[in-house]
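# Observations on chain architecture
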Amino acid sequence: MNLEQQLIERLQTLAPTHLEVLNESAGHGGYFPGKESHFKVIVVSDEFKGLRLVQRHQKIYAVAAELMSPGRIHALAIHAYVPDEWQGEAPASPECAHAPKG
């Protein structure tokens, strides 16, 4: 099972009403086909009710912890919402300064 699938599986434990996992590795330095190192996650869940943003991120990092080791996920952009906050789209990711020039 690849890293993206493992990440999705772990995030499912938060009972999301909406879940997107985007592999953004191709936009970062050192990329080669098949590399999985940079991800963006959008998670909408009632599990985040009453939690501050940092607590929501901690909850996501807790379920993804074993995937965040060296040689696995290098960067994880997190967008965590409760259903009432979700407007249908998350902010775009910034360009990487070390992205492959093409």
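Residues numbered from 1 in each chain as written. Predicted model: local features only at pLDDT ≥ 70, side-chain atom pairs only at ≥ 80, totals over all residues. Heavy atoms only, no water.

As recorded by an unreviewed UniProt entry, the protein chain carries the name BolA family transcriptional regulator and is attributed to Acinetobacter vivianii. Recorded under Sequence similarities (unreviewed entry), the UniProt text for the protein chain is reproduced unchanged: "Belongs to the BolA/IbaG family." (UniProt positions renumbered as here; feature names shortened; annotations may be inferred.)

## A closer look at the sheet that holds strand β1 (residues 18–23)
Through backbone hydrogen bonds, the strands of a sheet pair up, either in parallel or in antiparallel fashion. Strand order in the open sheet formed by 3 strands is β1-β2-β3, and the pairing between neighbours is mixed. Whereas interior strands pair on both sides, the edge strands pair on one side only; in this sheet they are β1 and β3 (75–81). On average, each strand axis in the sheet is inclined to that of its neighbour by 10 degrees, with strand direction left out of account. For strand β2 (residues 38–44) and β3, the ladder comprises 7 bridges, and the chain directions are parallel. In the sheet register, valine 43 faces β3, and the bridge partner there is alanine 80. Where helix α1 (residues 3–11) meets the sheet, its contacts fall on β1, β2 and β3, and the angle it forms with β1 comes to roughly 160 degrees. Along the sheet, helix α2 (residues 53–64) contacts β2 and β3; its crossing angle with β3, the most-contacted strand, is approximately 125 degrees. (Pairing = 2+ DSSP bridges. Helix = DSSP H or I, 4+ residues; strand = E, 2+ residues; numbered from the N terminus. Axes fitted to C-alpha atoms, helices over the stretch in contact; angles between N-to-C directions. Contact = heavy atoms within 4.5 Å.)

## A word on the nonpolar core
Judged by nonpolar contacts, the single largest core of 17 residues is most densely connected at Leu7, Leu11, Val41, Ile60 and Leu76. Counting residues per element, the ones that place at least two in this core are α1, β2, α2 and β3. If near-sequence neighbours (up to four positions away) are discounted, leucine 7 is found in contact with Val21, Phe39, Val41, Ala64, Leu67, Ile73 and Leu76. With 5 residues, the next largest nonpolar core counts Ile42, Tyr81, Trp86 and Ala90 among its residues. (Core = buried A, V, L, I, M, F, W, Y, C linked by side-chain atoms within 4.5 Å. Buried < 20%, exposed > 50% of the residue type's maximum accessible area, 1.4 Å probe, protein only.)

## Some thoughts on unusual backbone geometry
A positive phi is found at alanine 15, a non-glycine position, where the angle reads about 50 degrees. With respect to the helices and strands, the residue alanine 15 is situated in the loop between α1 and β1.

## A few points about the packing of aromatic side chains
Tallied over the full model, the rule gives 1 aromatic pair. With a centroid separation of 5.1 Å and 50 degrees between ring planes, the pair formed by tyrosine 81 and tryptophan 86 is classed as tilted. On the accessibility criterion, tyrosine 81 (17% relative accessible area) is buried. Judged by relative accessible area, tryptophan 86 falls into the buried class, the value being 19%. (Phe/Tyr/Trp six-rings, centres within 6.5 Å; stacked < 30°, edge-to-face > 60°.)

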